[in-house]
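# Observations on chain architecture
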Amino acid sequence: MKFVKMHGIGNDFILVNGFKEQMPPNIPLTAQNLCDRHFGIGADGLVFLLPSEKADIRMRYFNSDGSEGEMCGNAIRCFAKYAFEEGLVHKESFTVETLAGVMLPRLVLQDGKVTAVTVNMGKPSLDRDKVPMSGSAGQALNEPLRVLDTVFYVTALLLGVPHCVIFVDDVEGIDLGKYGPAIEYHPAFPRKTNVHFIEVLNEHEMKMRVWERGAGLTLACGTGACASLVAAVLNNKTGRKAKIHLPGGTLDIEWALNNHVYMTGPAQTVFAGEVKDVSLIK
Ligand SMILES: N[C@@H](CCC[C@H](N)C(=O)O)C(=O)O
């Protein structure tokens, strides 16, 4: 199986052109094995480019634990660059079918080269039933959640995938390895959740650290950055447009007045390779 390794500000992926390559019989196990950083290629997720009946192209995304994610913000920028460079799409702007709906990436081109990608990520769902998060109906906005030995004030929303956003004074002071998994698997989140700790720097900038559902500690989360900006606006902490600084780099996010969230950031190819026998990797 041929693949390319790419990353979007350090959130790294193995991409497979499903127009040419055969889909492995057991995709969750293949994702676990290929994403393994010691026994495989190493990545946060495995991405397939596939034909679509309702959009120009289809993306399937698998986390490093083998679970299928409905959407991935950093992966879709890599996906868009790779699809264009492989000649699977011929337009600068096109539609991508995902389990979270149809997304709209637009390539930023300079001398024919993709320098960045802007993605219309759709509308956030603020209703806690949609996240989903348990509790009485309505929005989960800055509400107390007991986690192990502490209480965090959380804002939960669905932006492609479930997100739990927590504003703190100092993101570096948070023990993400302790609280990340405790919140990901918290009984309040029946389908688990991505976890984001946010330090607001000013009205237009935030610092963010991430614990991802199905992947753990990562250097960035695109859908999470979008969700965090929406949470910041709802909690009167920033304007509708901000730079979000993550351990792997910076994303520009806007929650436009049409209620759609737009994410802009880079996509980088690292190397291409071939796996001789997917089933043998362990
Ligand atoms: N890295 C992502 C999100 C990937 C999916 C997520 N871990 C989930 O299954 O909820 C991003 O950039 O958005």
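See above for the structure.
Now for a description of the structure that goes with this document. Along each chain, residues carry numbers from 1 onward, in the same order as the chain's sequence is written. Where totals are concerned, whole chains, interfaces and linings use all residues; where local detail is concerned, this predicted model gives features only for residues with pLDDT of at least 70, and gives and counts side-chain atom pairs only at 80 or more.

Moving on to the overall build of the protein. Each helix is a run of DSSP H or I of at least 4 residues and each strand a run of E of at least 2, with the numbering of both proceeding from the N terminus. On a plain count of helices and strands, the protein comes out with four helices and 18 strands. Radius of gyration here is computed from C-alpha atoms only, and the compact-globule reference equals 2.2 Å multiplied by the residue count raised to the power 0.38. The C-alpha radius of gyration of the protein comes to 18 Å, within 12% of the 19 Å expected for a compact globule of 282 residues. Taking the principal axes of the C-alpha coordinates as reference, the protein spans close to 50 × 40 × 35 Å. Three exposure classes are used. Buried residues have 20 or more other C-beta atoms within 10 Å of their own C-beta, exposed residues have 12 or fewer, and partly exposed residues fall in between, all C-beta atoms being placed from the backbone. Split into buried and exposed, the 282 residues of the protein put 45% on the buried side. Distance between backbone-placed C-beta atoms decides contact: two residues are in contact if it is within 7 Å. For the protein, restricting intrachain contacts to residue pairs at least 6 apart in sequence, the fraction spanning at least 24 positions comes to 65%.

This part is about the site of the ligand. For each residue, a C-beta atom is placed from the backbone, and the residue is labelled near a molecule or strand when this atom is within 6 Å of it. Near the ligand you find 16 residues, and of these Gly 69, Gly 73, Val 161, Gly 222 and Thr 223 are the closest. Secondary-structure elements contributing two or more residues to the shell around the ligand are helix H2 (73-85) and helix H4 (222-234). A per-element tally of the shell around the ligand places H4 first, with three residues. Only Asp, Glu, Lys and Arg are considered charged, only Ala, Val, Leu, Ile, Met, Phe, Trp, Tyr, Cys and Pro nonpolar, and every remaining residue, Gly among them, polar. Within the shell around the ligand, the residues separate by chemical class into four nonpolar, 10 polar and two charged.

Three or more residues of helix H1 (residues 27-35) are buried, namely Thr 30, Ala 31, Gln 32, Asn 33, Leu 34 and Cys 35. Those residues of H1 that are buried lie in contact with strand E2 (11-17), strand E3 (45-50) and strand E4 (57-63).

Counting buried residues in strand E11 (residues 161-167) gives seven out of seven residues, a clear majority hidden from the surface. Strand pairing follows a simple DSSP-based rule, namely that at least 2 bridges must link the two strands. Sheet analysis places strand E10 (residues 150-159) next to E11, joined by six bridges and oriented antiparallel. Bridge assignment links Thr 155 to a residue of E11, and that residue is Val 165. Of the pairings in the sheet, the one linking E11 to strand E12 (residues 194-202) comprises five bridges and is parallel in character. Paired with His 163 across the two strands is Asn 194, which belongs to E12. Between E11 and its parallel partner E12, the chain crosses via helix H3 (residues 176-184), and the hand of that crossover is right-handed. When the strands point away from the viewer, a crossover counts as right-handed if the route from the first strand across the helix to the second turns clockwise.

A word on the nonpolar core. For this entry, the nonpolar core is defined as buried Ala, Val, Leu, Ile, Met, Phe, Trp, Tyr and Cys residues connected by C-beta atoms within 7 Å. Grouped together as the largest cluster of nonpolar side chains are 82 residues, with contacts concentrated most on Ile 14, Leu 15, Val 47, Phe 79, Ala 225 and Cys 226. Residue ranges for the domains trace back to a domain assignment, done automatically or taken from a database. Domain assignment of the residues forming this core places at least three in each of domain 1 (2-119 + 266-280) and domain 2 (140-259). Sequence-distant contacts of Phe 79, defined by excluding residues within four places in its chain, comprise Leu 15, Val 47, Leu 49, Met 59 and Val 96.

Quick look at H4 now. To estimate the expected span of a helix, count its residues, drop one, and scale the result by 1.5 Å. In this model H4 runs 19 Å from its N-terminal to its C-terminal C-alpha over 13 residues, within 8% of the 18 Å that 1.5 Å per residue would give. Of all 13 residues making up H4, 11 are buried, and the element is well covered by its neighbours. Looking only at H4, the buried set comprises Gly 222, Thr 223, Gly 224, Ala 225, Cys 226, Ala 227, Ser 228, Leu 229, Val 230, Ala 231 and Ala 232. Phi for Asn 236, located one or two positions after H4, is positive at around 55 degrees.

All right, on to unusual backbone geometry then. In this structure, the amide linkage connecting Val 131 to the following residue, Pro 132, adopts the cis form with an omega of -5 degrees. Here the phi dihedral of Asp 111 falls at roughly 55 degrees; this positive angle occurs in a residue that is not glycine. Looking at the secondary structure, you find Asp 111 in the loop between strand E7 (101-110) and strand E8 (113-120). Since 5 C-beta atoms lie within 10 Å of it, Asp 111 is described here as exposed. In this model, Asn 236 sits at a positive phi of 55 degrees, which is unusual for a non-glycine residue. Here Asn 236 shows up in the loop between H4 and strand E15 (241-246). Classification of Asn 236 as exposed rests on a count of 6 C-beta atoms within 10 Å.

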